[in-house]
Amino acid sequence: MIDTVSVLGYAQPTCVAPGERVRFYLSSEHLNSVDLDIVRVRSADPDANGPGYKVTPMPSRLDGPVRVAWQPVYNGSCGIVDDTPVLAQLQDFSFGCYLFPTLPGGACQTILGRWTNATRTGWRLYLDEDGHLCTAAALGAGPVVARSPQPLVTREWIFVGGSVSLSTGTVSVFGLSLEHDGGRSRDFSETVSGLSGIDWPANVPFIFAAHSSGVVRPAKPTDDHYNGKIDRPRLVSGVRSRADMQRLSEAISPVQAPEIVGAWDFSQKIPTDDFVDLSASRLDGRLVQLPTRGVTGANWTGCCHGWPQAASEYGAIHFHADDLENAEWNVSQELEIPADWPSGFYALRATGERDGRPVESNIPFFVRPHQSRTDLAPVVVIAPTATYLAYANNRAKVDQSHFEVMADSLLVLTQDEICLSEHREFGHSTYDTHADGSGVCYSSAARPILNGRPRSNSFNYVNDTHLLDWLEEVGIVYEVITDEVLHREGARALRPYRVAITMTHPEYTSREMNDALASFQNGGGRHMYLGGNGFYWTTTFHPTKPGLIEIRRGIAGTRSWEAEAGEINLSFTGEPSGLWRSNGRAPQRLVGVGFSAQVFDVSTFYRRLPASYGSNVSFAFEGIGDDELIGNFGWRLGGAAGLEIDRADPMLGTSPDAIVLATADRTGPGGVPTPEELPAMHRGITGEESSLCRADLVFTPTSAGGAVFSTGSIAWCCALSVNNYDNNVSRMTLNVLKRFLDPRPFS
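Residues numbered from 1 in each chain as written. Predicted model: local features only at pLDDT ≥ 70, side-chain atom pairs only at ≥ 80, totals over all residues. Heavy atoms only, no water.

**Q** Where do I start with the overall build of the protein in this structure?
**A** The helix and strand tally for the protein stands at eleven helices and 42 strands. Relative to a compact globule of 747 residues, whose C-alpha radius of gyration would be 27 Å, the protein shows 28 Å and is just as compact. Viewed in the frame of its principal axes, the protein has a C-alpha envelope of about 95 × 60 × 50 Å. The buried share of the protein, reckoned over its 747 residues, is 62%. For the protein, the computed accessible surface area is about 26,800 Å², with 51% contributed by carbon and sulfur atoms. Side chains of the protein give 61 positive and 85 negative charges; the mean places of these two sets differ by 3 Å. (Helix = DSSP H or I, 4+ residues; strand = E, 2+ residues; numbered from the N terminus. Rg over C-alpha atoms; globule rule 2.2 N^0.38 Å. Buried < 20%, exposed > 50% of the residue type's maximum accessible area, 1.4 Å probe, protein only. Areas by Shrake-Rupley, 256 points an atom, 1.4 Å probe, with all protein chains shown as cover. Lys, Arg positive; Asp, Glu negative; His and termini not counted. Charge placed at Lys NZ, Arg CZ, Asp CG, Glu CD.)

Here it is, written out as structure tokens:
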């Protein structure tokens, strides 16, 4: 067995054109050196039962041995205000904020303060290992600590704060419960004395949700990260009462006064990494490692369901100790893409040997055609990189108790999945939850991703390369762009092409992507959607940071978590997330079919329907018999219709001009409809009896002479190579593609 985990890495940016530069970040805790080369990927599936693993070496200056070393990853988000004399000169002061702790206990968690672990000096408000709220101050000796009598209640807003007085040598901590339902009051106020000395540490930042470790990268720069929300923090000179501090925090924009040192408003600049101080001190700060913004504050009324409607009720930030936006590794190699490299899926291949086993690890990236080219192929394949990011480092097999039942098979972990379980620091997928149970809504490409590369998990990336393999086998020249290119460039990215092909599982799409595809189709473009469960979740890319997506899951859809009440809107853009169907743009409106059911036990076949015998669609069935079952074979569970499947539905937007050519409705007991299809539960909902559990093969001519062909099944492309590519799935796909390349309009 090939060792795929002894060397790991990532590429930045993930999509480049000839002449542009790509940087590679490598790490290994087992090897000192590896051999590198670049490969163009045709088939990334190592399963010998399928088309086989096929890559083409692309000679470059990177070829050859290179030294590698272990590069750590440090998780945990926080907000940093650079040190200033205003902060360093504080003598007697108070602080307060609204707090929503989501994982109190188990480890120390700093909420705010100016503390450094290097000398264990400074002051901070924090939760101790038992979940008690503490204020600590230390001036060279051991810290003086005021501690709450009880731990804080998990997932319940409370107003907290405290004070430090060098003039009286005291520190205090207090809490004021906001929720008294069920007798859950946790009001308290504690003061202790014994503080002496006058010098605070120098050059220590004021930090929310962590504190300084006193060292810089490559060591861990911050420690004791907090899990939970912080809302409207205030810092004031002088020792103030609990009531005074709450009055200051109550106001979104507190009255300007000399004693107010800091009055932060997290409801401003939500789409950015910046946060704003409304006081005269202007202690503005920056967020690191992407905590969740656009979340409800302690003053949320429930009368609005997203921050664009009432930003003042969204003055909180949700920090997590396991947040990760960027691994921040040192660059290992860099390459300018040669001018003559064709567009496609590529990877930096790192090979070596460990304990007698061959090592091969691939760091994927994509090469798009140079925009100045005038000789582009008429076919463009859109790599679903938003979906790859949504699934990046998915740990569902280990973390979700129902996974074995859903898959209807014994759980088998690959070495990639075992590695991910051992290295939680590599960050989560948007299917996972943080350690505090809240959903992961961001996913970044700036970290090692193990399940979206050659030789990895078969879902998504590997399945998609079955299509590339088939295109190469039948001699169709194609270009490759990515979801992110489509998102950022819109319809312009598709304009040079006659046919656009979306791959096996373009589940996560942005408004800009859908608009671009709709514009392409409306303008006469031909779209082949050769997958299932496409165009399902409303997603977006970060406005300025490449390779970073956001998704919020609503209370509909096949989902692994739900957004907190009132937190469905994307922080990057403000638009509502959830299903496209819930936002008025069901997939059927774009491609004629939409996600209808999962079938993870057995894939099935399509049967031709009467409309398939019409002369207007005869081109699709050339070489296919009238009674042939289509796709009663395949490398994914034995059929071309399976895994996740889509159906046509005029009520959801399937065009009146759409022609349902065939249907795969023999999905059996393993066919389970998506939750949004079932307003009421009843017997007979599975594939044995329900018509919802089917995949429809749909051809839709469009008004400008274009057309859309949709297969509605993830398993479709994984049947293309069966019988050495001589089968009716391959034949129909090629029939349609050839007709789509023909400029004659459809009618």
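**Q** Explain the nonpolar core here, please?
**A** One recurring pattern in soluble globular proteins is that nonpolar side chains are buried together. In terms of nonpolar packing, the biggest core is built from 103 residues, with Phe345, Ile501, Tyr606 and Trp716 touching the most fellow members. Among the elements that make up this core, the one with the highest residue count is helix H7 (residues 458-473) (seven residues). Residues within four places of tryptophan 716 in sequence aside, it is in contact with Leu530, Tyr606, Ile630, Ala640, Leu697, Thr711, Val729, Met732 and Thr733. Formed by 45 residues, the second largest nonpolar core is a distinct cluster that contains Phe95, Ala146, Leu235 and Phe275. (Core = buried A, V, L, I, M, F, W, Y, C linked by side-chain atoms within 4.5 Å. Contact = heavy atoms within 4.5 Å.)

**Q** It is not clear to me how the sheet that holds strand E25 (residues 333-336) should be interpreted in this structure. Could you clarify?
**A** Sheet strands pair via backbone hydrogen bonds, and the direction of the pair is either parallel or antiparallel. Spatial ordering of the open sheet is given by E1-E3-E25, a layout of three strands whose pairing is antiparallel. Either end of the sheet is taken by a strand with one partner, and the two such strands are strand E1 (8-12) and E25. Strand-to-strand twist in this sheet, taken as the mean axis angle between neighbours without regard to direction, amounts to 20°. By the bridge criterion, five bridges tie E1 to strand E3 (residues 21-27) in an arrangement that is antiparallel. Residue pairing across strands places glutamine 12 opposite arginine 23, the latter belonging to E3. (Pairing = 2+ DSSP bridges. Axes fitted to C-alpha atoms, helices over the stretch in contact; angles between N-to-C directions.)

**Q** Is there a simple way to think about helix H6 (residues 415-422) in this case?
**A** One full turn of an α-helix is made of 3.6 residues, so residues set three or four places apart face in the same direction. Of all the positions in H6, only Asp416, Glu417, Cys419 and Leu420 are classed as buried. Along H6, the residues classed as buried sweep out an arc of 160° about the axis, all on the same side. Next to the buried residues of H6 lie E1 and helix H4 (396-399). (Arc of directions from axis to C-beta.)

**Q** I tried to follow the packing of aromatic side chains on my own but got confused; where do I start?
**A** Aromatic ring pairs are reported here in terms of the distance separating the ring centres and the angle at which the planes meet. What the rule picks out here adds up to 37 aromatic pairs. Arranged with centres 5.4 Å apart and planes meeting at 40°, the rings of tyrosine 10 and tryptophan 329 form a pair that is tilted. With a gap of 319 residues between them, tyrosine 10 in strand E1 and tryptophan 329 in the loop between strand E24 (316-319) and E25 connect regions that are remote in the sequence. For the pair formed by tyrosine 10 and tryptophan 329, the shared burial category is buried. Residues tyrosine 391 and tyrosine 431 carry aromatic rings whose centres are separated by 4.3 Å and whose planes lie at 35° to one another, so their mutual orientation is tilted. Taken together, the residues span a long stretch of sequence, with tyrosine 391 in the loop between helix H3 (385-390) and H4 and tyrosine 431 in the loop between H6 and strand E29 (442-444) at a distance of 40 residues. An aromatic cluster is defined as three or more aromatic residues linked by ring pairs; in this entry it consists of Phe93, Phe95, Trp123, Trp200, Phe206, Phe208, Trp264, Phe266 and Phe275. Positioned above the aromatic ring of tryptophan 115 is the side chain of arginine 124, whose terminal nitrogen or guanidinium carbon lies 5.1 Å from the ring centre. (Phe/Tyr/Trp six-rings, centres within 6.5 Å; stacked < 30°, edge-to-face > 60°. Lys NZ or Arg CZ within 6 Å of the ring centre and 35° of its normal.)

**Q** How should I be thinking about the sheet that holds strand E39 (residues 659-664) in this particular structure?
**A** With mixed pairing, eight strands are arranged side by side in an open sheet as E30-E28-E31-E33-E42-E41-E39-E37. Whereas interior strands pair on both sides, the edge strands pair on one side only; in this sheet they are strand E30 (479-482) and strand E37 (607-608). Pairing between strand E28 (residues 379-383) and strand E31 (residues 499-502): four bridges, direction parallel. Bridge pairing links valine 380 to alanine 500 in E31. Against the sheet, helix H11 (residues 728-741) touches E28, E31, strand E33 (526-529), strand E41 (695-701) and strand E42 (707-710), its axis set at about 165° to E33.

**Q** Even after reading the chapter, I still don't get the pattern of salt bridges, so can you show me in this structure?
**A** Oppositely charged side chains are able to pair whenever their charged atoms sit close together. Using the criterion set out here, one finds 45 salt bridges in the structure. Aspartate 83 is the partner of arginine 114 in a salt bridge, and the nearest nitrogen-oxygen pair spans 2.9 Å. Of this pair, arginine 114 sits in strand E9 (residues 109-116) while aspartate 83 sits in the loop between strand E7 (78-81) and helix H1 (85-88), placing them 31 residues apart in sequence. Judged by relative accessible area, which is 1%, arginine 114 ranks as buried. One salt bridge in this structure joins aspartate 244 and arginine 247, with 2.3 Å as the shortest N-O distance. Linking aspartate 244 with arginine 247, this pair stays in helix H2 (residues 242-250), spanning three residues, or about one helical turn. By sharing partners, the salt bridges in this structure join Arg42, Lys54, Asp469 and Glu473 into a single network. (Salt bridge = Lys/Arg side-chain N within 4 Å of Asp/Glu carboxyl O.)

**Q** For this particular structure, what's the right way to read helix H9 (residues 511-522)?
**A** With twelve residues, H9 extends 16 Å from end C-alpha to end C-alpha; this agrees with the ideal 16 Å at 1.5 Å per step. Among the residues making up H9, those that are buried are Met513, Asn514, Ala516, Leu517, Ala518, Phe520 and Gln521. Of the residues flanking the end of H9, it is glycine 524, one or two places downstream, whose phi is positive at about 100°. (Expected span 1.5 Å × (residues − 1).)

**Q** Just to check I follow, could you spell out the state of the cysteines for this structure?
**A** The final tally for this structure, using the stated rule, is zero disulfides. Here cysteine 718 is not cross-linked by a disulfide; its sulfur's nearest cysteine counterpart is in cysteine 717, at 6.8 Å. (Disulfide = S-S within 2.5 Å.)

**Q** Teacher, can you tell me more about the pairing of E24 here?
**A** Taken residue by residue, a regular strand's side chains alternate between the two faces of the sheet. Burial along E24 is two-sided: the face carrying Ala316 and His318 and the face carrying Ile317 and Phe319 are both buried. As paired elements, strand E19 (residues 228-237) and E24 share four bridges and run antiparallel to each other. Looking at the pairing, glycine 228 lines up with phenylalanine 319 of E24.

**Q** Explanation requested: a nonpolar patch on the surface in the structure shown.
**A** Residues Val398, Leu411, Leu413 and Ile418 make up a contiguous nonpolar surface patch of about 290 Å² in total accessible area. When you line up the elements, isoleucine 418 lands in helix H6. (Patch = residues over 30% accessible without salt bridge, like charges linked within 9 Å, V, L, I, M, F, W, Y side chains within 5 Å.)

**Q** Hey, could you run me through unusual backbone geometry in this one?
**A** With omega at -10°, the peptide bond leading from glutamine 12 into proline 13 counts as cis. Inspection of the secondary structure assignment puts proline 13 in the loop between E1 and strand E2 (15-16). Note that the residue after arginine 217, namely proline 218, is joined by a cis bond; omega there is 15°. Of note, proline 218 is situated in the loop between strand E17 (211-212) and strand E18 (222-223). Backbone geometry places asparagine 203, a non-glycine residue, at a positive phi of 55°. Taking the relative accessible area as the measure of exposure, asparagine 203 reaches 70% and is therefore exposed. If you check the backbone angles, lysine 269 has positive phi at about 55° while not being a glycine.

**Q** Would you mind going over the environment of leucine 376 with me for this structure?
**A** By the element assignment, leucine 376 lies in the loop between strand E27 (357-367) and E28. Residue classification places leucine 376 among the partly exposed positions, given a relative accessible area of 21%. A sequence separation of 121 residues divides leucine 376 from tyrosine 497, and the C-alpha atoms of the two residues are 7.8 Å apart. Residues in contact with leucine 376, not counting those within four places in the same chain, are Pro369, Glu479, Pro496 and Tyr497.

**Q** I keep staring at the pairing of E19 and nothing clicks. Help me out?
**A** Within E19, nine of the ten residues are buried, which leaves it mostly tucked inside the rest of the structure. Alignment of strand E8 (residues 92-101) against E19, held across eight bridges, turns out to be antiparallel. Residue pairing for E19: tyrosine 98 is matched across the bridge by aspartate 231.

**Q** How should the side chain of arginine 114 be read in this particular structure?
**A** Looking at arginine 114, its side chain comes within polar contact range of the side chain of aspartate 83, at 2.9 Å. Only 3.0 Å separates the side chain of arginine 114 from the backbone oxygen of valine 204, close enough to count as a polar contact. (Polar contact = N/O pair within 3.5 Å; in protein donor to acceptor, adjacent residues only side chain to side chain.)

Interpretation in functional terms is not warranted from these geometric data alone.
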